[in-house]
Amino acid sequence: MESNMAVAYAVGPIKRHQFDKAYRLVDAAGCHFDLQGWREFCAATVTRMCSPEGIVTAENPLGYIAGICIMRPVQNETYGRMLDVPVFIITSAADTRGVANALLAYFTVVARKYNCGFIRVAALDPTDWPSSIATSPREGRGILIPVQ
């Protein structure tokens, strides 16, 4: 049974106090980082505050991370400039739709700001993550969402 209770999520770039909490989530999802590598990756994204590339969290009113994503702008031969989201993890069992909608609303604002025509949200596959050693491109995988 789904709740009709509205929950506001604070969605935005990861903050330093969230690094270790977020690591537990990405580690459980099969992340290829060790804790120190994750901290360094997070710190690097925090220093690029004006960049659309980075780690985004959705935090519930109690301070728990309900979603975590990694996003980056890419140029696609077919679709042009798009906001790529190779990592999209929702950790809320009670409000999956609410967390996903909050994250997608945030991505839409970022995509518009950086003139991206589409948002591509990928299925969770750690070989697609930034700095992965994967050799195959992600073309054709994931969901394309037109930016209105």
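Placed above this text is the structure.
These lines cover the structure that appears in this document, whether it is placed above or below. As the structure is a computational prediction, the values presented were derived from the model and not from experiment.

1. What about the overall build of the protein?
For step 1, the next point in the chain: Looking only at helices and strands, the protein features 3 helices and 6 strands.
For step 2, the next point in the chain: Looking at the protein as a whole, 41% of its 148 residues are labelled buried.
For step 3, the next point in the chain: Contacts in the protein between residues at least 24 apart in sequence constitute 61% of all its contacts with a sequence separation of at least 6.
For step 4, the next point in the chain: Working note: accessible area of the protein is about 8,300 Å², and carbon and sulfur atoms make up 57% of it.

2. Remarks on the packing of aromatic side chains
For step 1, the next point in the chain: Applying the stated criterion to the full structure yields 6 aromatic pairs.
For step 2, the next point in the chain: Where Trp 38 meets Phe 41, the ring centres are 6.0 Å apart and the plane angle is 45 degrees; that geometry is what we call tilted. Of this pair, Trp 38 and Phe 41 both sit in helix 2 (residues 35-47), 3 residues apart, which is roughly one turn of the helix.
For step 3, the next point in the chain: Judged by its relative accessible area of 16%, Phe 41 is buried.
For step 4, the next point in the chain: Through pairs of rings, three or more aromatic residues link up here, namely Phe 33, Trp 38 and Phe 41.

3. Quick word on the pattern of salt bridges
For step 1, the next point in the chain: One pass over the full model with this rule turns up 3 salt bridges.
For step 2, the next point in the chain: Residue Asp 20 is joined to Arg 39 by a salt bridge in which the shortest nitrogen-to-oxygen separation is 2.8 Å. Here the residue Asp 20 occupies a position in helix 1 (residues 19-28), and Arg 39 occupies one in helix 2, the gap between them amounting to 19 residues.
For step 3, the next point in the chain: Since its relative accessible area comes to 31%, Arg 39 is described here as partly exposed.
For step 4, the next point in the chain: Asp 84 is the salt-bridge partner of Arg 120, the closest N and O atoms lying 3.0 Å from each other. In this pair, Arg 120 sits in strand 5 (residues 118-121) while Asp 84 sits in strand 4 (residues 80-90), placing the two residues 36 residues apart along the sequence.

Rules used in this analysis
- Residues numbered from 1 in each chain as written.
- Predicted model: local features only at pLDDT ≥ 70, side-chain atom pairs only at ≥ 80, totals over all residues.
- Heavy atoms only, no water.
- Helix = DSSP H or I, 4+ residues; strand = E, 2+ residues; numbered from the N terminus.
- Buried < 20%, exposed > 50% of the residue type's maximum accessible area, 1.4 Å probe, protein only.
- Contact = heavy atoms within 4.5 Å.
- Areas by Shrake-Rupley, 256 points an atom, 1.4 Å probe, with all protein chains shown as cover.
- Phe/Tyr/Trp six-rings, centres within 6.5 Å; stacked < 30°, edge-to-face > 60°.
- Salt bridge = Lys/Arg side-chain N within 4 Å of Asp/Glu carboxyl O.

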